[in-house]
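Residues per chain, in single letters:
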Amino acid sequence: MNAHTPPEAIVDNAVDDIPITERVLNRIDPEAIAQLASDLIRAASENPGGNEEAVAQRIGVSLRVLGARVEVDYVEADRPNLVARLGPNDGEGGILFLGHSDVVPAGAGWSGDPFEPRRFGDELFGRGAADMKGGLAAVIAAMHAVHAEAPDIPMTFVCTVDEEVDAKGALRYIDTVAPGNYAGCVVAEPTGLTAITACRGATNLRVDITGASAHAGKPEEGANAIYAAADLVAAVEADHEKLHGAKHPVLGSGDWNVGMIEGGHGTSIVPDRCSVSIDRRTLPGEDPEGILDNLLSEVRERHRNHARPGTERIQFAGTVEMTMPGFLTDPESDFVRLACESVREVGGPGDTGVWSASCEGGFLANHHNVPTIVLGPGDITGQAHQPDERVSVTELHIAARAFALIALRLGAITD
């Protein structure tokens, strides 16, 4: 076994004239994957909510029966990261799989209980079916199949908490786990089995504005924090247009979105406070703190130029609440070629793409200096984060088979 052997040098190990790839693929049962995905859906892990423990426990049980070395690290109470390793004792080399155990809140509009999985034909319904309990189940099925036939193939699986909100799990992982030596990283988020080779980052900013209250009958005696927030929104809109005028050759432009505004005390009171929550999609090389500093400088200048009553009493303070880095992987690299060939071989599209969404892949790509792709079953825009979220069982099966081939070939077994 040699983790640096090129894909074209891989030779199947035959037992009774059955190639190892065929033996591995024959071990992957779509119904077993659907059952595991259903178990993970039932382990409701809404975020906000702060309890992913049942998901980690179910994953841990499934991997420990293989003899995996499973480490659990509690980021917060009831919120454990999980790292599972198979293969050589150093736990490195080969494939690094990444997933997350939390799901977005179920919300309204479901035709049944969001956390009681339902099967209609080929489709499995439930919150997290696509994002990403199905992907987790496919990874585990692949690891089972590869390890049963090739126990010396190294595989590592990282499952984090809090991906959907503040990425506390990923931040804890890169803070506590030393950089490792991996041949490639697959983030099993829903991509319709297209290999995503580039992904923008995401930063959540919060700007708190302090003014001065007064009676609405004499607004000039106060300092209106909501008017100041309007200046902030205008600054965001202006920079959004500026970003779209200078696009990255692969990832396009950065983006702004004002997601939430909260402030004031009543209609007859000049508001002395307002908070604005903002999403900023970032490109490689952009610094979240620098983005925030530039935004605050711009809004302060805009506000001064308006010279409203109480302008000098307005204060702006900003915080970077969350940042998730993007990543770029060469679509012509051996790793991407191997992944696409593996997907194509088991009936998937075998193509590449770029994502407008964000994920935690950038954390591991940067931390381990490892080529990274996002590749998994389901549709991020058409199925995830919606009522009656669903995933195709056929696609779960294809994903697991592709993951198994990638893991097997990155391990480069040559006996």
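The structure displayed is predicted, hence computed values, not measured ones. (Residues numbered from 1 in each chain as written. Predicted model: local features only at pLDDT ≥ 70, side-chain atom pairs only at ≥ 80, totals over all residues. Heavy atoms only, no water.)

Undergrad: So what's going on with the nonpolar core? Residues and values would help.
TA: Grouped together as the largest cluster of nonpolar side chains are 68 residues, with contacts concentrated most on I59, L63, I95, F97, F157 and F403. Here this core takes 13 residues from helix α10 (residues 393-411), the largest share from any one element. Setting aside residues up to four positions removed in sequence, F403 forms contacts with F97, G135, A138, V139, A142, V186, A188, L375 and G376. One finds V207, I291, L295 and F316 within the second-largest nonpolar core, a separate group that totals 23 residues. (Core = buried A, V, L, I, M, F, W, Y, C linked by side-chain atoms within 4.5 Å. Buried < 20%, exposed > 50% of the residue type's maximum accessible area, 1.4 Å probe, protein only. Helix = DSSP H or I, 4+ residues; strand = E, 2+ residues; numbered from the N terminus. Contact = heavy atoms within 4.5 Å.)

Undergrad: Lay out unusual backbone geometry in plain terms, naming residues and giving numbers.
TA: Comment: phi is negative for the bulk of residues other than glycine, and the bulk of peptide bonds are trans. Of note, the amide linkage connecting N47 to P48 takes the cis form, showing an omega dihedral of 5°. Looking at where P48 falls in the secondary structure, it is placed in the loop between α2 (30-42) and α3 (53-64). One non-glycine residue, N369, lies in the positive phi region at around 50°.

Undergrad: Go over α3, please, and point to the residues and values.
TA: Think of an α-helix as turning once every 3.6 residues; residues three or four places apart then point the same way. Along its 12 residues, α3 runs 16 Å from first to last C-alpha, staying within 8% of the 16 Å computed at 1.5 Å per residue. Of the residues making up α3, those classed as buried are E53, V55, A56, I59, G60, S62 and L63. Against the buried residues of α3 lie α2, β1 (69-76), β2 (79-86), α4 (129-149) and β6 (155-160). (Expected span 1.5 Å × (residues − 1).)

Undergrad: An account of a nonpolar patch on the surface is requested, with residue identities and associated values reported.
TA: Residues V250, L328 and V354 make up a contiguous nonpolar surface patch of roughly 240 Å² in combined accessible area. Here V354 shows up in strand β14 (residues 352-355). Judged by relative accessible area, V354 falls into the partly exposed class, the value being 42%. (Patch = residues over 30% accessible without salt bridge, like charges linked within 9 Å, V, L, I, M, F, W, Y side chains within 5 Å. Areas by Shrake-Rupley, 256 points an atom, 1.4 Å probe, with all protein chains shown as cover. Salt bridge = Lys/Arg side-chain N within 4 Å of Asp/Glu carboxyl O.)

Undergrad: Summarise the packing of α2 against α10; cite the residues concerned and give the values.
TA: Contact geometry for α2 and α10: axes closest at 9 Å, N-to-C directions at 105°. By the angle between their axes, α2 is roughly perpendicular relative to α10. Residues P30, I33, A34 and A37 of α2 form the contact with α10, whose participating residues are V393, L396, H397 and A400. For the contact of α2 with α10, a count of residues per class yields seven nonpolar, one polar and no charged. (Axes fitted to C-alpha atoms, helices over the stretch in contact; angles between N-to-C directions. Parallel < 35°, antiparallel > 145°, perpendicular 65-115°, else oblique. Nonpolar A, V, L, I, M, F, W, Y, C, P; charged D, E, K, R; others polar.)

Undergrad: Kindly report on the environment of T203, identifying the contributing residues and their values.
TA: Residue placement: T203 occurs in strand β9 (residues 201-210). On the basis of relative accessible area, T203 is assigned to the buried category, the value being 1%. Once the C-alpha coordinates of T203 and P288 are considered, the two residues, 85 residues apart in sequence, prove to be 6.6 Å apart. Residues contacting T203, with those up to four places away along its chain left out, are I278, D279, R280, T282, P288, V320, M322 and T323.

Undergrad: An account of the side chain of R23 is needed here, citing residue identities and associated values.
TA: With respect to the helices and strands, the residue R23 is situated in helix α1 (residues 20-26). The class for R23 is buried, based on a relative accessible area of 12%. In terms of polar contacts, R23 uses its side chain to reach the backbone carbonyl oxygen of I18, at 2.8 Å. Here E149 takes part through its side chain, which lies 2.8 Å from a polar atom of the side chain of R23. (Polar contact = N/O pair within 3.5 Å; in protein donor to acceptor, adjacent residues only side chain to side chain.)

Undergrad: I'd like a rundown of the environment of I209, residues and numbers included.
TA: Topologically, I209 is positioned in strand β9. For I209, a relative accessible area of 2% corresponds to the buried category. In sequence terms I209 and E189 are 20 residues apart; their C-alpha atoms lie 37 Å from each other. Once residues within four sequence positions are removed from consideration, I209 is found in contact with A225, A228, A229, D272, R273, C274, I314, Q315 and F316.

Undergrad: How would you explain the pattern of salt bridges if you had to name every residue and give the values?
TA: Taken as a whole and assessed by the stated rule, the structure comprises 26 salt bridges. With its nearest N and O atoms 3.3 Å apart, the salt bridge here joins R42 to E116. Taken together, the residues R42 in helix α2 and E116 in the loop between β3 (95-100) and β4 (118-120) connect sequence positions 74 residues apart. The exposure class assigned to E116 is partly exposed, which follows from its relative accessible area of 36%. A salt bridge links D388 to R118; the shortest N-O distance between them is 3.2 Å. A residue pair is termed long-range when its members are at least 10 positions apart, and D388 in the loop between β15 (372-374) and β16 (390-392) and R118 in strand β4 qualify at 270 residues. Comparing D388 with R118 shows no difference in burial state: the two are buried. Counted as one network, the salt bridges with shared partners bring together E52, E76, R79, D162 and K168.

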